[in-house]
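Structure at a glance
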Amino acid sequence: MDFNVKKLASDAGVFFSRAMQFTEEKLGQAEKTELDAHFENLLARADCTKNWTEKILRQTEVLLQPNPSARVEEFLYEKLDRKVPSRVTNGELLAQYMTEAANDFGPGTPYGKTLIKVGETQRRLGAAERDFIHSASINFLTPLRNFLEGDWRTISKERRILQNRRLDLDACKARLKKAKAAEAKAAAEHELRLTQTEFDRQAEVTRLLLEGISSTHVNHLRCLHEFVESQTNYYAQCYQYMLDLQKQLGRFSGTFVGNAESTSPPPAAASPPAVAATLPAVPTIPVVPTIVGVPNSVAESVLNPNEVKPPASGTRKARVLYDYEAADSTELALLADEMITVYSLPGMDPDWLIGERGNQKGKVPVTYLELLS
């Protein structure tokens with residue numbers, strides 16, 4: 001018990017001495033041992049690394065999980081050292097709703113078929129998002145978090161120890177200046193040598209840790225490359241999925257127009273909404289004159305595009321936006337950035353045109369074209 005009291009008194013004395021030295025330094029009444037410029041640069045670089053790493057980590061977490069409640073839940077599971085439960089992505093949830101809606105509306109109806117196709121694509125997008133989040137968390141977030149919770153805590157601890165050693169050193173220097181008697185000076189000089197040694201040793205330990213920030217930058221650079229690679233693969237997958245969906249909807253769009261159970265054409269008196277008058281004028285596509293004896297509603301299914309001649313005048317040029325692979329002999333395969341001539345047939349689905357390239361002719365989807373005036 002006596003030993004503990006003495007140690008407590010000694011610690012209290014050291015704490016009081018450091019507090020006095022710190023206060024006098026702030027008031028400009030005591031000298032302060034300055035660190036060399038290189039050491040100060042290392043400290044500033046470490047602080048900068050810590051601050052930006054925290055910001056990048058937090059914002060990446062927001063990017064991967066925009067829901068703050070879900071982020072809090074994941075944080076709690078992590079602190080409790082428990083596995084985070086699997087969570088359905090927004091894309092997968094949307095796919096589920098679309099599939100259920102298709103079953104209610106009838107999977108054989110045009111709307112139901114389209115819901116099923118779009119829902120399947122949303123499910124694939126959701127799965128791709130899940131894989132991307134998992135990859136980014138392991139390859140990017142975890143190394144950043146390990147630095148803040150591991151290396152940086154060690155650096156901060158050693159910096160606090162160095163600060164205490166410096167306060168002890170400066171306090172000894174102040175006592176040496178105030179010492180008058182020879183014995184007091186000798187004791188102060190001996191204490192100064194000990195504190196100087198401790199300070200130098202701690203400064204070297206802290207310096208080595210601070211210089212290790214360069215290795216941290218190299219590690220984070222590698223992790224950043226892996227994050228970009230994961231993000232690139234994710235967006236490439238999403239683009240491919242949407243491109244496939246666009247081709248499916250464009251290829252079979254003729255079956256999705258109107259109600260499959262209704263075979264009568266729309267009323268001839270139907271007119272576009274009045275709001276259409278406020279929209280900018282859109283160039284029209286020349287239409288081949290109606291062939292006598294063939295109703296417009298079935299002209300597309302009866303006519304072979306290769307057997308129809310283009311109108312004498314009024315055809316338009318179009319630039320191809322994306323590559324398109326023909327589904328059958330009635331369609332024209334396209335290459336991105338090429339120029340073709342286009343026009344429309346009577347009764348054709350408005351999402352399709354007849355395209356010509358030299359001696360080749362066939363149907364092409366409008367969504368793959370940029371119509372030129």
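Description of the structure in this document.

How each quantity is defined
Residues numbered from 1 in each chain as written. Predicted model: local features only at pLDDT ≥ 70, side-chain atom pairs only at ≥ 80, totals over all residues. Heavy atoms only, no water. Helix = DSSP H or I, 4+ residues; strand = E, 2+ residues; numbered from the N terminus. Buried < 20%, exposed > 50% of the residue type's maximum accessible area, 1.4 Å probe, protein only. Contact = heavy atoms within 4.5 Å. Areas by Shrake-Rupley, 256 points an atom, 1.4 Å probe, with all protein chains shown as cover. Core = buried A, V, L, I, M, F, W, Y, C linked by side-chain atoms within 4.5 Å. Phe/Tyr/Trp six-rings, centres within 6.5 Å; stacked < 30°, edge-to-face > 60°. Patch = residues over 30% accessible without salt bridge, like charges linked within 9 Å, V, L, I, M, F, W, Y side chains within 5 Å. Salt bridge = Lys/Arg side-chain N within 4 Å of Asp/Glu carboxyl O. Expected span 1.5 Å × (residues − 1). Arc of directions from axis to C-beta. Pairing = 2+ DSSP bridges. Axes fitted to C-alpha atoms, helices over the stretch in contact; angles between N-to-C directions. Parallel < 35°, antiparallel > 145°, perpendicular 65-115°, else oblique. Left-handed = near helix turned anticlockwise from the far one by under 90°. Nonpolar A, V, L, I, M, F, W, Y, C, P; charged D, E, K, R; others polar.

Summing up its helical and strand segments, the protein has eight helices and five strands in all. Going residue by residue from the N terminus, the α and β elements of the protein occur as α-α-α-α-α-α-α-α-β-β-β-β-β. Burial status across the protein gives 32% buried among its 373 residues. By sequence separation, contacts in the protein at least 24 residues apart represent 69% of the contacts at least 6 residues apart. For the protein, the accessible area works out to roughly 23800 Å², and carbon and sulfur atoms hold 58% of it.

Another point: the nonpolar core. One finds Phe-132, Phe-140 and Leu-210 to be the most contacted residues of the largest nonpolar core, which totals 30 residues. Contributing elements (two or more residues each) for this core: α2 (37-64), α5 (110-178), α6 (182-211) and α7 (213-251). The dominant element in this core, judged by the number of residues it contributes, is α5, at 14 residues. Other than its neighbours up to four places away in sequence, Leu-210 contacts Phe-39, Leu-42, Leu-43, Ala-46 and Ile-155. By size, the runner-up hydrophobic cluster in this structure holds 17 residues, among which are Val-320, Tyr-324, Ile-340 and Val-364.

Our next topic: the packing of aromatic side chains. For any pair of aromatic rings, the description rests on two quantities: the centre-to-centre distance and the angle between the ring planes. Tallied over the full model, the rule gives nine aromatic pairs. Considering the side-chain rings of Tyr-324 and Trp-352, the 6.5 Å spacing of their centres and the 75 degrees angle between planes classify their relative orientation as edge-to-face. Of this pair, Tyr-324 sits in the loop between β1 (316-320) and β2 (339-343) while Trp-352 sits in strand β3 (residues 352-357), and the two are 28 residues apart along the sequence. Among the residues examined, Tyr-324 registers a relative accessible area of 3% and is labelled buried. An aromatic cluster is defined as three or more aromatic residues linked by ring pairs; in this entry it consists of Phe-132, Phe-140, Phe-227, Tyr-234 and Tyr-235.

As a further point, take the environment of Ile-354. Inspection of the secondary structure puts Ile-354 in strand β3. With a relative accessible area of 0%, Ile-354 lands in the buried category. The spacing of Ile-354 and Val-342 is 12 residues in sequence and 5.4 Å in space, taken between C-alpha atoms.

A cluster of nonpolar residues, Val-88, Leu-93 and Tyr-97, forms a patch on the protein surface that exposes about 280 Å² of accessible area. If you trace the backbone, Tyr-97 turns up in helix α4 (residues 90-105).

The next thing to look at is α4. The terminal C-alpha atoms of α4, which comprises 16 residues, lie 22 Å apart, in line with the 22 Å expected from a rise of 1.5 Å per residue. For α4, the full list of buried residues reads Gly-91, Glu-92, Ala-95, Met-98 and Ala-102. Taken end-on, α4 shows its buried residues confined to a sector of 120 degrees, consistent with a single buried face. Counted as exposed and oriented over 90 degrees from the buried face of α4: Asn-90 and Asp-104. Structurally, α4 contributes buried residues whose contacts are with α5. After α4 finishes, the residue Gly-106 shows a positive phi value of roughly 110 degrees.

Here the focus is the pairing of β1. The alternating pattern of β1 places Arg-316, Ala-318 and Val-320 on a buried face, while none of Lys-317 and Arg-319, on the opposite face, is buried. Of the pairings in the sheet, the one linking β1 to β2 comprises four bridges and is antiparallel in character. Bridge pairing in β2 places Lys-317 opposite Thr-341. Both β1 and strand β5 (residues 369-371) contribute to a ladder of three bridges, which runs antiparallel. Note that in β5 the partner of Ala-318 across the bridge is Leu-371.

The strands that make up a sheet are held in pairs by hydrogen bonds between backbone atoms, and each pair lies either parallel or antiparallel. Pairing within the open sheet is antiparallel, and its five strands lie in the order β4-β3-β2-β1-β5. Of all the strands in the sheet, the pair left with one neighbour each is β4 (360-365) and β5. Neighbour to neighbour, the strand axes of the sheet diverge by 40 degrees on average, direction disregarded.

Phi angles above zero are rare outside glycine, and Asp-337 is one such case at about 75 degrees. The topology assignment puts Asp-337 in the loop between β1 and β2.

Two elements in contact, α2 and α5, have axes whose closest approach is 10 Å; the angle formed by their N-to-C orientations is 150 degrees. Classified by the angle their axes make, α2 and α5 are roughly antiparallel. Taken as a pair, α2 and α5 cross one another with a handedness that is left-handed. Classifying every residue of the contact of α2 with α5 gives 16 nonpolar, four polar and six charged.

Here we take up α2. Over its 28 residues, α2 extends 40 Å from the first C-alpha to the last, a length consistent with the 40 Å expected when each residue adds 1.5 Å. Along α2, the positions that sit buried rather than exposed are Phe-39, Leu-42, Leu-43, Ala-46, Thr-49, Thr-53, Leu-57, Thr-60, Glu-61 and Leu-64.

Further remarks concern the pairing of β2. For β2, the buried fraction is high: four of the five residues fall into the buried class. As paired elements, β2 and β3 share three bridges and run antiparallel to each other. Among the inter-strand pairings, Tyr-343 is bridged to a residue of β3, identified as Ile-354.

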